[in-house]
Amino acid sequence: MTSKVIVVVGASRGIGRELVHQFSAYKSNTVIALSRNFEAMEAQFTAENIHFARLDLMDEDLHDALDKVLKHFPTIDIVVNNAGKLVNKAFLELTREDINACYQTNAVGVMHATQYMVPKMIEKGGHIVNISTMGAFQGSVKFPGLSAYSTSKAGITSFTELFAEEYKDTKIKMNCLCLGAAQTEMLEEAFPGLKAPVSAAEIAEFIVDFAYNAPRFFNGKILPVSSTTP
(Lines give C-alpha, C1' and ligand atoms only; values in the text may rest on other atoms or scores of the structure.)
Protein backbone atom coordinates (compact mmCIF):
# COMPACT_ATOMS: atom_id res chain seq x y z
CA MET A 1 0.00 0.00 0.00
CA THR A 2 2.83 2.38 0.82
CA SER A 3 6.01 3.46 -1.03
CA LYS A 4 4.00 4.71 -3.99
CA VAL A 5 4.58 7.58 -6.37
CA ILE A 6 1.22 9.31 -6.60
CA VAL A 7 0.13 12.17 -8.86
CA VAL A 8 -2.93 14.23 -7.94
CA VAL A 9 -4.14 16.55 -10.71
CA GLY A 10 -6.39 19.27 -9.35
CA ALA A 11 -4.86 19.47 -5.90
CA SER A 12 -5.22 22.98 -4.52
CA ARG A 13 -8.64 22.84 -2.85
CA GLY A 14 -11.50 20.62 -1.77
CA ILE A 15 -11.17 16.91 -2.39
CA GLY A 16 -7.84 17.27 -4.19
CA ARG A 17 -6.23 19.05 -1.27
CA GLU A 18 -7.47 16.34 1.11
CA LEU A 19 -6.17 13.62 -1.21
CA VAL A 20 -2.68 15.11 -1.10
CA HIS A 21 -2.71 15.31 2.69
CA GLN A 22 -4.01 11.76 3.11
CA PHE A 23 -1.70 10.14 0.56
CA SER A 24 1.28 11.97 2.07
CA ALA A 25 0.41 10.78 5.57
CA TYR A 26 2.28 7.61 4.56
CA LYS A 27 5.80 9.02 4.74
CA SER A 28 7.18 6.44 2.32
CA ASN A 29 4.87 7.76 -0.41
CA THR A 30 5.94 10.48 -2.80
CA VAL A 31 3.03 12.74 -3.73
CA ILE A 32 3.12 15.13 -6.68
CA ALA A 33 0.38 17.77 -6.43
CA LEU A 34 -0.58 19.66 -9.60
CA SER A 35 -2.92 22.62 -9.94
CA ARG A 36 -3.35 25.99 -11.60
CA ASN A 37 -3.27 27.60 -8.15
CA PHE A 38 0.38 27.40 -7.14
CA GLU A 39 -0.01 29.89 -4.29
CA ALA A 40 -2.68 27.77 -2.57
CA MET A 41 -0.49 24.67 -2.74
CA GLU A 42 2.54 26.57 -1.49
CA ALA A 43 0.56 27.69 1.56
CA GLN A 44 -0.85 24.25 2.37
CA PHE A 45 1.63 21.55 1.40
CA THR A 46 4.60 21.55 3.77
CA ALA A 47 5.33 17.83 4.20
CA GLU A 48 8.72 16.75 2.85
CA ASN A 49 7.21 13.99 0.69
CA ILE A 50 4.94 16.41 -1.22
CA HIS A 51 6.13 17.99 -4.45
CA PHE A 52 3.90 20.56 -6.11
CA ALA A 53 3.85 22.53 -9.32
CA ARG A 54 1.56 24.70 -11.38
CA LEU A 55 -0.27 22.88 -14.16
CA ASP A 56 -3.11 24.11 -16.36
CA LEU A 57 -4.86 21.35 -18.29
CA MET A 58 -5.83 23.91 -20.93
CA ASP A 59 -2.19 24.50 -21.90
CA GLU A 60 -1.32 23.27 -25.38
CA ASP A 61 2.21 22.38 -24.26
CA LEU A 62 0.85 20.17 -21.48
CA HIS A 63 3.33 17.33 -22.02
CA ASP A 64 6.25 19.74 -21.78
CA ALA A 65 4.83 21.17 -18.55
CA LEU A 66 4.39 17.69 -17.10
CA ASP A 67 7.88 16.68 -18.12
CA LYS A 68 9.38 19.58 -16.17
CA VAL A 69 7.74 18.21 -13.03
CA LEU A 70 7.81 14.46 -13.54
CA LYS A 71 10.94 13.74 -15.58
CA HIS A 72 12.81 12.79 -12.39
CA PHE A 73 10.21 10.12 -11.57
CA PRO A 74 10.72 7.13 -13.87
CA THR A 75 7.64 5.34 -12.56
CA ILE A 76 4.22 6.42 -11.34
CA ASP A 77 1.95 4.10 -9.35
CA ILE A 78 -1.28 6.06 -8.92
CA VAL A 79 -2.81 8.98 -10.80
CA VAL A 80 -5.95 10.74 -9.60
CA ASN A 81 -7.43 12.97 -12.27
CA ASN A 82 -9.38 15.23 -9.95
CA ALA A 83 -9.25 18.59 -11.76
CA GLY A 84 -12.54 20.16 -12.68
CA LYS A 85 -13.82 23.33 -14.30
CA LEU A 86 -17.36 24.32 -13.32
CA VAL A 87 -19.55 26.77 -15.22
CA ASN A 88 -23.02 27.23 -13.74
CA LYS A 89 -25.10 29.04 -16.37
CA ALA A 90 -28.38 28.58 -18.17
CA PHE A 91 -27.82 26.80 -21.48
CA LEU A 92 -28.59 29.79 -23.70
CA GLU A 93 -26.21 31.97 -21.68
CA LEU A 94 -23.22 29.72 -22.22
CA THR A 95 -20.49 31.20 -24.38
CA ARG A 96 -18.20 29.22 -26.61
CA GLU A 97 -15.44 30.13 -24.14
CA ASP A 98 -17.46 28.61 -21.27
CA ILE A 99 -17.97 25.35 -23.14
CA ASN A 100 -14.35 25.17 -24.29
CA ALA A 101 -13.05 25.79 -20.77
CA CYS A 102 -15.11 22.91 -19.38
CA TYR A 103 -14.21 20.47 -22.12
CA GLN A 104 -10.54 21.39 -22.29
CA THR A 105 -10.14 20.97 -18.51
CA ASN A 106 -12.54 18.14 -17.74
CA ALA A 107 -12.06 15.91 -20.77
CA VAL A 108 -9.39 16.91 -23.31
CA GLY A 109 -6.82 17.91 -20.69
CA VAL A 110 -7.35 14.72 -18.70
CA MET A 111 -6.80 12.57 -21.78
CA HIS A 112 -3.75 14.57 -22.84
CA ALA A 113 -2.20 14.38 -19.36
CA THR A 114 -2.88 10.65 -19.17
CA GLN A 115 -0.95 10.15 -22.39
CA TYR A 116 2.12 11.47 -20.59
CA MET A 117 1.58 9.23 -17.54
CA VAL A 118 1.10 5.91 -19.35
CA PRO A 119 4.75 5.28 -20.35
CA LYS A 120 5.72 5.72 -16.69
CA MET A 121 3.19 3.07 -15.65
CA ILE A 122 3.30 0.55 -18.47
CA GLU A 123 6.07 -1.70 -17.14
CA LYS A 124 5.26 -1.81 -13.43
CA GLY A 125 1.53 -1.18 -13.70
CA GLY A 126 -0.64 1.20 -11.73
CA HIS A 127 -4.07 2.66 -11.17
CA ILE A 128 -5.57 5.74 -12.80
CA VAL A 129 -8.65 7.09 -11.02
CA ASN A 130 -10.78 9.58 -12.93
CA ILE A 131 -13.04 11.77 -10.82
CA SER A 132 -16.33 12.59 -12.49
CA THR A 133 -19.75 13.62 -11.19
CA MET A 134 -23.15 12.06 -10.69
CA GLY A 135 -24.35 14.58 -13.25
CA ALA A 136 -22.33 12.61 -15.82
CA PHE A 137 -23.67 9.21 -14.74
CA GLN A 138 -26.21 7.84 -17.19
CA GLY A 139 -29.73 7.73 -15.77
CA SER A 140 -29.01 9.99 -12.81
CA VAL A 141 -30.97 13.15 -12.00
CA LYS A 142 -29.71 16.17 -13.95
CA PHE A 143 -29.76 19.84 -12.95
CA PRO A 144 -30.16 23.05 -14.95
CA GLY A 145 -27.13 25.25 -15.40
CA LEU A 146 -24.62 22.39 -15.49
CA SER A 147 -24.81 21.27 -19.11
CA ALA A 148 -21.23 22.30 -20.00
CA TYR A 149 -19.78 20.86 -16.78
CA SER A 150 -21.68 17.58 -16.67
CA THR A 151 -21.36 16.72 -20.36
CA SER A 152 -17.63 17.41 -20.29
CA LYS A 153 -17.28 15.20 -17.22
CA ALA A 154 -19.24 12.52 -19.07
CA GLY A 155 -16.39 12.48 -21.56
CA ILE A 156 -14.03 10.87 -19.08
CA THR A 157 -16.57 8.19 -18.19
CA SER A 158 -16.48 6.97 -21.78
CA PHE A 159 -12.72 7.48 -21.91
CA THR A 160 -12.37 5.21 -18.87
CA GLU A 161 -14.10 2.32 -20.63
CA LEU A 162 -12.19 2.84 -23.87
CA PHE A 163 -8.81 3.10 -22.14
CA ALA A 164 -9.41 -0.04 -20.09
CA GLU A 165 -10.23 -1.98 -23.24
CA GLU A 166 -7.18 -0.70 -25.10
CA TYR A 167 -4.85 -1.45 -22.18
CA LYS A 168 -6.51 -4.61 -20.86
CA ASP A 169 -3.43 -6.69 -21.63
CA THR A 170 -1.20 -4.44 -19.52
CA LYS A 171 -0.87 -3.93 -15.76
CA ILE A 172 -2.48 -0.47 -15.90
CA LYS A 173 -6.01 -0.22 -14.53
CA MET A 174 -8.36 2.73 -14.94
CA ASN A 175 -11.64 3.41 -13.17
CA CYS A 176 -13.96 6.37 -12.81
CA LEU A 177 -15.80 7.57 -9.71
CA CYS A 178 -18.91 9.69 -10.27
CA LEU A 179 -19.17 11.65 -7.05
CA GLY A 180 -22.30 13.01 -5.47
CA ALA A 181 -22.44 15.93 -3.07
CA ALA A 182 -19.41 16.51 -0.85
CA GLN A 183 -18.86 19.72 1.09
CA THR A 184 -16.46 21.59 -1.19
CA GLU A 185 -16.06 25.00 -2.76
CA MET A 186 -17.25 23.60 -6.08
CA LEU A 187 -20.45 22.25 -4.52
CA GLU A 188 -21.20 25.73 -3.19
CA GLU A 189 -20.72 27.12 -6.69
CA ALA A 190 -23.09 24.57 -8.20
CA PHE A 191 -25.68 24.42 -5.39
CA PRO A 192 -25.36 27.49 -3.14
CA GLY A 193 -26.39 26.77 0.44
CA LEU A 194 -26.66 23.01 0.03
CA LYS A 195 -25.42 21.00 3.00
CA ALA A 196 -23.67 17.85 1.78
CA PRO A 197 -23.81 14.56 3.71
CA VAL A 198 -20.04 14.07 3.59
CA SER A 199 -17.01 16.32 3.93
CA ALA A 200 -14.18 16.66 1.44
CA ALA A 201 -11.95 14.73 3.85
CA GLU A 202 -14.43 11.86 4.11
CA ILE A 203 -14.82 11.41 0.36
CA ALA A 204 -11.05 11.73 -0.04
CA GLU A 205 -10.61 8.87 2.43
CA PHE A 206 -12.85 6.73 0.22
CA ILE A 207 -10.90 7.67 -2.92
CA VAL A 208 -7.54 6.92 -1.29
CA ASP A 209 -8.73 3.45 -0.28
CA PHE A 210 -10.18 2.93 -3.76
CA ALA A 211 -6.95 4.01 -5.43
CA TYR A 212 -4.98 1.47 -3.43
CA ASN A 213 -7.34 -1.49 -3.50
CA ALA A 214 -9.78 -1.27 -6.42
CA PRO A 215 -7.44 -2.63 -9.13
CA ARG A 216 -7.88 -6.08 -7.61
CA PHE A 217 -11.58 -5.96 -8.42
CA PHE A 218 -12.32 -3.23 -10.97
CA ASN A 219 -11.08 -2.08 -14.36
CA GLY A 220 -12.87 0.21 -16.79
CA LYS A 221 -15.77 0.69 -14.40
CA ILE A 222 -17.93 3.78 -13.90
CA LEU A 223 -19.01 3.79 -10.27
CA PRO A 224 -21.55 6.15 -8.65
CA VAL A 225 -20.52 7.36 -5.20
CA SER A 226 -23.50 9.16 -3.77
CA SER A 227 -26.05 8.78 -1.01
CA THR A 228 -28.19 11.81 -1.91
CA THR A 229 -29.60 13.76 -4.86
CA PRO A 230 -27.84 16.02 -5.63
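Q: Can you lay out the overall build of the protein chain for me, pointing to particular residues and giving the numbers?
A: Scanning the protein chain for helices and strands turns up seven helices and seven strands. Reading the helices (α) and strands (β) of the protein chain from amino to carboxyl end gives β-α-β-α-β-α-β-α-β-α-β-α-α-β. For a compact globule of 230 residues, the expected C-alpha radius of gyration is about 17 Å, and the protein chain comes in at 16 Å, within 12% of that figure. When the backbone C-alpha atoms are referred to their principal axes, the protein chain occupies close to 45 × 40 × 35 Å. Per-residue burial for the protein chain yields a buried fraction of 50% across its 230 residues. Within the protein chain, contacts between residues at least 6 apart in sequence are counted, and of these 72% link residues at least 24 apart. Total accessible area on the protein chain stands at roughly 11100 Å², and carbon and sulfur atoms take up 53% of it. Averaging the locations of the 21 positively and 25 negatively charged side chains of the protein chain gives two centres separated by 4 Å.

Q: An account of the packing of helix 4 (residues 96–117) against helix 5 (residues 147–166) is requested, with residue identities and associated values reported.
A: The interhelical angle for the contact between helix 4 and helix 5, taken along N-to-C directions, is 20°, at an axis separation of 7 Å. By the angle class used here, helix 4 and helix 5 are roughly parallel. Crossing handedness for the pair helix 4 and helix 5: right-handed. Taken together, the residues of helix 5 that come into contact with helix 4 (itself represented by I99, C102, Y103, N106, A107, V110, M111 and T114) are A148, Y149, T151, S152, K153, I156, F159 and F163. The residue makeup of the contact of helix 4 with helix 5, split by class, is eleven nonpolar, four polar and one charged.

Q: Which residues make up helix 5, and what are the values?
A: The end-to-end C-alpha distance of helix 5 is 29 Å, a good match for the 28 Å that 20 residues give at a rise of 1.5 Å each. The set of residues buried in helix 5 consists of A148, Y149, S150, S152, K153, I156, T157, F159, T160, F163 and A164.

So, how was this worked out
- Residues numbered from 1 in each chain as written.
- Predicted model: local features only at pLDDT ≥ 70, side-chain atom pairs only at ≥ 80, totals over all residues.
- Heavy atoms only, no water.
- Helix = DSSP H or I, 4+ residues; strand = E, 2+ residues; numbered from the N terminus.
- Rg over C-alpha atoms; globule rule 2.2 N^0.38 Å.
- Buried < 20%, exposed > 50% of the residue type's maximum accessible area, 1.4 Å probe, protein only.
- Contact = heavy atoms within 4.5 Å.
- Areas by Shrake-Rupley, 256 points an atom, 1.4 Å probe, with all protein chains shown as cover.
- Lys, Arg positive; Asp, Glu negative; His and termini not counted.
- Charge placed at Lys NZ, Arg CZ, Asp CG, Glu CD.
- Axes fitted to C-alpha atoms, helices over the stretch in contact; angles between N-to-C directions.
- Parallel < 35°, antiparallel > 145°, perpendicular 65-115°, else oblique.
- Left-handed = near helix turned anticlockwise from the far one by under 90°.
- Nonpolar A, V, L, I, M, F, W, Y, C, P; charged D, E, K, R; others polar.
- Expected span 1.5 Å × (residues − 1).

Any functional reading would require information that these geometric values do not contain.
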